[in-house]
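A structural walkthrough
Residue strings, one per chain:
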Amino acid sequence: MRKLKYIRPKQLNRTFMLAIAPFIGMLLCMWFITEPPRLSHETAEYIPSGSISEQSAVIKQDLDQAAVSAEQTISSIEKTAKLYRQTTATVGTILQTAESQAARPEQIYNRRITAKLGVPVETVNSDRIQIELYKINPGTYHGYAMKVKLKDPSAMKMSLGSESGRPGSVETTMRAVSRHGAVAGINAGGYADGNGGRHPLSTTFYDGKYVSGFQPSFKDLAFVGLSKSGKLIGGKFYSQSDLDRLDPMFGATFVPVLLKNGSKTTIPDKWRTTPGRAPRTVIGNYKDDQLLILVTEGYDEKGKSGATLQELQTKLKKLGVIDAYNLDGGGSASLVLNGRVVNKPSDGSLRPVPTHFLFFK
């Protein structure tokens, strides 16, 4: 067996140093000979052109200018808003003035006709109707005048007794007012007794149709009613087309016509004397379409009390009425307002009749 030679540590270190010496020399040469790497970057463009205080001053100047512009804008808006409010107020005033001026002729006309009637003893006013009740007493007769302004055409209707389904049915004005919930009512057209009942006289228009068909006017009979536009219509009609052209909402018939277009008509001789005087119910209209109803009183139908048709004709013309029509009178004459009978019926109580004109709040 071969015996290994022992190598001492000092000899080993020396051998290692000799082995790596060339490499160390090479690294040292490269360190001293080669220039170390350097970072090169152009920074001039990032250097501020001026001081921070100078830049702050510029920014502050721009902000001050923006504040001035904002104040000017706000001031301009406020002035515009103020001008708008002033313009709106001015336009509103102009509209109010225009409306007032437009209504002025109507107000003047109304004061003129009201002054001839006196002071109302009772009034009803709503958004649909205005009613004023006056007493009339020229000396030879006395009674009542009821001026009606229809703000809504539907505030006036006609009641028909036979609407219950039984031909010839009748009722008093008070009953008709109560049954329909009206605030006022008067008797309307004439009637004829027969066939177990009391039937409307001649042409009667109700609920969109002719009750007993259209009958051409005869013996001075005249139709009177209201159109769908709320205007009083009436007169003699010899063809249905002539009446249909006026677009009636309702109407009844009696005799005679008293005024037409502001002029007196000729009263038939029979109606001048038979009866001479009597309780009467008359309806007419002013040029502004207000209605005037006269109901005069008398103690019977014998011609000794009440008013003549000539007297009422003259009275209506003096009051400024344009068209006027006589309705059924005598014991039929009736005026109900606010739940009470205003006149004194000559029969001593209200007479049941087929038709009534009613007024609603």
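Every residue gets a number counted from 1 within its own chain, in the order that chain's sequence is written. Totals for whole chains, interfaces and linings use every residue, but because this is a predicted model, local features are given only for residues with pLDDT of at least 70 and side-chain atom pairs only at 80 or more, for both listing and counting. The basis for every side-chain value is the complete set of non-hydrogen atoms in the structure, without hydrogens or water.

1. Some remarks on the overall build of the protein
Test applied: The numbering of helices and of strands both runs from the N terminus, where a helix is a DSSP run of H or I of at least 4 residues and a strand a run of E of at least 2. Only protein chains enter the calculation, and the probe is 1.4 Å; a residue is then buried if its accessible area is under 20% of its type maximum, exposed if over 50%, and partly exposed in between. Residue contacts are counted whenever heavy atoms from the two residues lie within 4.5 Å of one another. The Shrake-Rupley method, run with a 1.4 Å probe sphere, supplies the accessible areas, and residue values consider only the shown protein chains as cover.
Tallying secondary structure elements over the protein gives six helices and 20 strands in all. Counting the 361 residues in the protein, one finds 40% classified as buried. In the protein, the share of contacts with a sequence separation of at least 24, taken over all contacts with a separation of at least 6, comes to 69%. As displayed, the protein has an accessible area near 21700 Å², and 57% of this comes from carbon and sulfur atoms.

2. Things to note about unusual backbone geometry
Residues Val255 and Pro256 are joined by a peptide bond in cis, for which omega reads -5°. If you trace the backbone, Pro256 turns up in the loop between β12 (248-254) and β13 (257-260). A cis amide bond links Thr274 with the next residue in sequence, Pro275, at an omega value of -10°. Mapped onto the secondary structure, Pro275 falls in the loop between α5 (269-273) and β15 (280-285). Notably, Asp207 is not glycine yet its phi reads approximately 55°, a positive angle. You can see Asp207 is positioned in the loop between β8 (205-206) and β9 (209-210). According to the relative accessible area criterion, Asp207 is exposed, its value standing at 58%. Although it is not a glycine, Asp289 adopts a positive phi angle of roughly 75°. Counting through the fold element by element, Asp289 comes out in the loop between β15 and β16 (291-296).

3. Remarks on the side chain of Thr308
Looking at the secondary structure, you find Thr308 in the loop between β16 and α6 (309-318). Setting aside residues no more than four positions away along its own chain, Thr308 makes contact with Gly276, Arg277 and Arg280.

4. Quick notes on the pattern of salt bridges
How we decide: Criterion for a salt bridge: a side-chain nitrogen of Lys or Arg within 4 Å of a carboxyl oxygen of Asp or Glu.
Across all of its chains, the model carries 15 salt bridges by this definition. Notably, a salt bridge pairs Lys149 with Glu106, separated by 2.9 Å at the nearest N-O pair. Residue Lys149 is located in strand β3 (residues 143-150), and its partner Glu106 is located in helix α2 (residues 52-117); the two are separated by 43 residues in the primary sequence. Exposure remark for Lys149: the relative accessible area of 29% places this residue in the partly exposed category. By relative accessible area, Glu106 is classed as partly exposed at 39%. A salt bridge links Arg245 to Asp242; its shortest N-O distance comes to 3.0 Å. On the basis of relative accessibility, which here comes to 60%, the residue Arg245 falls in the exposed class. Each of Glu163, Glu171 and Arg179 takes part in a single network of salt bridges with overlapping partners.

5. Some points on the packing of aromatic side chains
Put simply, the test is: Planes of paired rings set the category: under 30 degrees apart is stacked, over 60 is edge-to-face and the rest tilted, where pairs are Phe, Tyr or Trp rings (Trp by its six-membered ring) whose centres lie within 6.5 Å.
Counted by the stated rule, this structure contains six aromatic pairs. Note on Tyr210 and Phe214: the rings are 6.0 Å apart at their centroids and 80° apart in plane angle, and the pair reads as edge-to-face. By the burial criterion, Tyr210 is buried, and Phe214 matches it. With centroids separated by 5.7 Å and ring planes inclined at 45°, the aromatic side chains of Phe250 and Phe357 adopt a geometry described as tilted. Residue Phe250 is found in strand β12, and its partner Phe357 is found in strand β20 (residues 355-359); the two are separated by 107 residues along the sequence.

6. Side note on the nonpolar core
For clarity, the cut-off: Here, nonpolar core refers to any group of buried Ala, Val, Leu, Ile, Met, Phe, Trp, Tyr and Cys residues whose side-chain atoms link them within 4.5 Å.
Counting residues in each nonpolar core, the largest one holds 36 residues, and the members touching the most others are Ile131 and Phe359. No other element matches β3, which puts four residues into this core. Ala145, Tyr286, Leu292 and Ala307 belong to the second largest nonpolar core, which has 25 residues in total.

7. Description of the sheet that holds β3
Test applied: When DSSP finds at least two bridges between two strands, those strands are taken to pair.
Spatial strand order, β1-β2-β3-β16-β15-β17-β13-β14: eight strands in an open sheet with antiparallel pairing. Each end of this open sheet is capped by a strand with a single partner; those strands are β1 (122-125) and β14 (263-264). Judged from the four bridges that link them, β15 and strand β17 (residues 323-326) form a sheet pairing that is antiparallel. Across the sheet, the residue bridging to Gly284 is Ala324, located in β17.

8. Notes on α6
Among the residues making up α6, those that are buried are Leu309, Glu311, Leu312, Gln313 and Leu316. On its buried side, α6 packs onto β13, β14, α5, β15, β16 and β17. Gly320 sits one or two residues past α6 and shows a positive phi near 90°.

Honestly, that's just the spatial picture; any functional story needs more than this.
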